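Structure at a glance
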Protein chains: 2
Amino acid sequence: MKTSAGAPPVRQTTAGPAPKPDGTAERGAEAYLKLRNEIVSGRFHPNERLVEADLARLLGAGRNAIRAALVRLDQEGLVVLEPNRGARVRLVSDREALEIEEVRVILEQMIIRHAALRVTAADLRDLRRSLSEMRERLRQGNPLGYSELNAEFHQRIWTIADHGTAGRLLANLKSQSIRFQFRTILRPGRTERSLQEHEQIVEALASRDPDASEAAMRQHLSQVVQTLQWAIDVQRHQPIWLPR
Amino acid sequence: MKTSAGAPPVRQTTAGPAPKPDGTAERGAEAYLKLRNEIVSGRFHPNERLVEADLARLLGAGRNAIRAALVRLDQEGLVVLEPNRGARVRLVSDREALEIEEVRVILEQMIIRHAALRVTAADLRDLRRSLSEMRERLRQGNPLGYSELNAEFHQRIWTIADHGTAGRLLANLKSQSIRFQFRTILRPGRTERSLQEHEQIVEALASRDPDASEAAMRQHLSQVVQTLQWAIDVQRHQPIWLPR
DNA sequence: GTTTATCCGATTGTCGACAATATTAGGCAT
DNA sequence: ATGCCTAATATTGTCGACAATCGGATAAAC
């Protein structure tokens, strides 16, 4: 298939449609972010082949932007790149998912200690607002929205802790296990419990006690790990993926 | 400077000079590994500009291999890539070095728990052999060789633990802080103490006790962090870098 | 003397073309 | 039908050329 047959040359020159509002524009950043989003949102199956030409057409980018994006995603662990054989969406095994979660647990524990030492009154206000919003969504029976807020809640803690290194690693790990994440959320009765745990976390933070905060976080995350284990056991026989 | 002036075209075609003995050959792997090695071994100063054409000539690779390598290194955190302004060796601040070390500590603690549960008699034999070699080098007054063995020792533990995710992250962190590492080693009297700590670690592993192993590792690494802090304080006034 | 404007060389970004390699499809014998 | 060889196609890898952009130097203006 000759790629340059019918499509217009996609314009490489000035006037990019998205003028990069943020300052952190890396090499091939637009394509990278788009592609990454497609992957973590489950639009591609694991092991699905990622053909450069197709992606270029799909994302409206040049082939070498795609190429750079794929290299980056490979390094990040979201795709796997084999020489002369292209890229595939990386399949994270059950075992690896547990490994990831395990690392995530200890990183979050470490991070919340920092947060406990640095949290301000304004931070606590924000956290409590997050909490009440979560309660709201839960009452509305909106587990999907709850899951989003959950992620936001944890990210807020990362921000408070202001630990760049750990934050980066956590973001990376989270993106790798996200397909498992969305399954865990669906565990019946999990959300109410999760909410309580979150409340305890905020309380511990409010008292600015690192040990208590870490304990609350550990409690919360051990629940998550357990749920993940459960999800793996259950769905081993019936693996499902997000609808396209 | 016209790059293609005097140098021979470096041959793109068949018969790669290094036939890739290992299976994990990613995109632009040769250039990536070489360049990475140059950086972590301190051949480039922090903030030094990395000009693609120069690197291509230096490493005997094409410009786009270099380009891919730079993207990978950027994602890895060893270089920083700014749009239209090329790549520079990333400077890790003192604070960041401490952050990295902090994460490293908890990851190593986690990993050694796994190791304690999986260690075999053969593993213990290897570890003890490492130990005696370290003692040897120390007696010879060879701190540089000792440092190498030190790294090998820790890597051996990662191998025993068989925790791919944590191992990957640790390798990454280590490469980022390596320039600080080499300074820490030089602390007078540090090596003997380090050796003792290593011996305690092996003992704890031999008893297959996760808690004791973790404690021994924590003790060891807290020392390392302290030394790093000391090195930072001392050398703040007189920053030195590896000779080229 | 300091600031501002303009130019020039150096460097990065992108494309198109082609070579090298993998993957598929079809034909043939068993 | 099944397996194997060969040809056709699809896809990745690499280069060279050129456009876009940056940084510094020089010149002009105040």
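Above: the structure in question.
**Considering the overall build of chain A**
Along its length, chain A carries 10 helices and three strands. Along chain A, helices (α) and strands (β) appear in the sequence α-β-α-α-β-β-α-α-α-α-α-α-α when read from the amino end. The proportion of buried residues among the 244 residues of chain A is 46%. In chain A, 74% of the contacts between residues at least 6 apart in sequence involve partners at least 24 apart. Carbon and sulfur atoms make up 52% of the accessible area of chain A, which amounts to about 12,800 Å² in all.

**Some remarks on helix α3 (residues 63-76) of chain A**
All names here are of chain A. Along its 14 residues, α3 runs 20 Å from first to last C-alpha, staying within 8% of the 20 Å computed at 1.5 Å per residue. Of all 14 residues in α3, 10 are buried; the element is thus mostly enclosed. Phi turns positive, to about 95 degrees, at glycine 77, one or two residues after α3.

**Looking at the interface of chain B and chain A**
Facing the 35 residues of chain B at the interface are 35 residues of chain A. Taken together, the two surfaces of chain B and chain A that pack against each other cover about 2,900 Å², and 53% of this comes from carbon and sulfur. The three residues of chain B that bury the most area against chain A are Arg27, Val71 and Gln75 of chain B, which together make up 23% of that side's buried surface. In this structure, the connection of chain B to chain A is made through eight salt bridges. Measuring nitrogen to oxygen at the nearest pair gives 3.5 Å for the salt bridge that ties glutamate 96 of chain A to arginine 168 of chain B. When contributions to the side of chain B that touches chain A are tallied by element, the ones reaching two or more residues are α3 (63-76), α4 (94-118) and α7 (164-176) of chain B. For the side of chain B that touches chain A, the element with the highest residue contribution is α4 of chain B, accounting for 10 residues.

**Quick look at the relation of the copies chain B and chain A**
With an RMSD of 0.1 Å, the operation that places chain B on chain A is a rotation of 180 degrees combined with a shift of 0.0 Å along the axis. The two molecules are tied by a two-fold rotation axis, judged by turn and shift. Judged by C-alpha distance, arginine 72 of chain B is the residue of chain B that lies nearest the rotation axis, at 2.9 Å. Taken as a fraction of all interface residues of chain B, those also at the interface in chain A reach 100%, which identifies the copy contact as same-surface.

**A few points about the pairing of strand β3 (residues 86-89) of chain B**
Residues and elements named next belong to chain B. Burial along β3 is one-sided: Ala87 and Val89 are buried, while Gly86 and Arg88, pointing the other way, are not. Sheet topology places strand β1 (residues 49-50) next to β3; two bridges connect them, and they run antiparallel. Residue pairing in the sheet places leucine 50 in a bridge with alanine 87 of β3. Examined bridge by bridge, strand β2 (residues 79-82) and β3 share four bridges and lie antiparallel to one another. Residue leucine 81 lies in a different strand from β3, and its bridge partner there is alanine 87. If you look at the hairpin formed by β2 and β3, you'll find three residues sitting between the two strands, and asparagine 84 has a positive phi there, around 65 degrees.

**What about the pattern of salt bridges?**
This structure, assessed with the given rule, holds 49 salt bridges over all chains. Two residues, glutamate 214 of chain A and arginine 113 of chain A, come together in a salt bridge whose shortest N-O distance is 2.4 Å. Highlighted residues: glutamate 214 of chain A in helix α10 (residues 210-235) and arginine 113 of chain A in helix α4 (residues 94-118), separated in sequence by 101 residues. Residue arginine 113 of chain A is classed as partly exposed on the basis of its relative accessible area of 28%. If you follow the salt bridges from partner to partner, you end up with Arg27 of chain A together with Glu52, Arg63 and Arg67 of chain B in one network.

Cut-offs and rules
- Residues numbered from 1 in each chain as written.
- Chains lettered and ligands numbered in written order.
- Predicted model: local features only at pLDDT ≥ 70, side-chain atom pairs only at ≥ 80, totals over all residues.
- Heavy atoms only, no water.
- Helix = DSSP H or I, 4+ residues; strand = E, 2+ residues; numbered from the N terminus.
- Buried < 20%, exposed > 50% of the residue type's maximum accessible area, 1.4 Å probe, protein only.
- Contact = heavy atoms within 4.5 Å.
- Areas by Shrake-Rupley, 256 points an atom, 1.4 Å probe, with all protein chains shown as cover.
- Expected span 1.5 Å × (residues − 1).
- Buried area = accessible area lost by both parts, 1.4 Å probe.
- Salt bridge = Lys/Arg side-chain N within 4 Å of Asp/Glu carboxyl O.
- Least-squares fit on C-alpha atoms with pLDDT ≥ 70 in both.
- Pairing = 2+ DSSP bridges.

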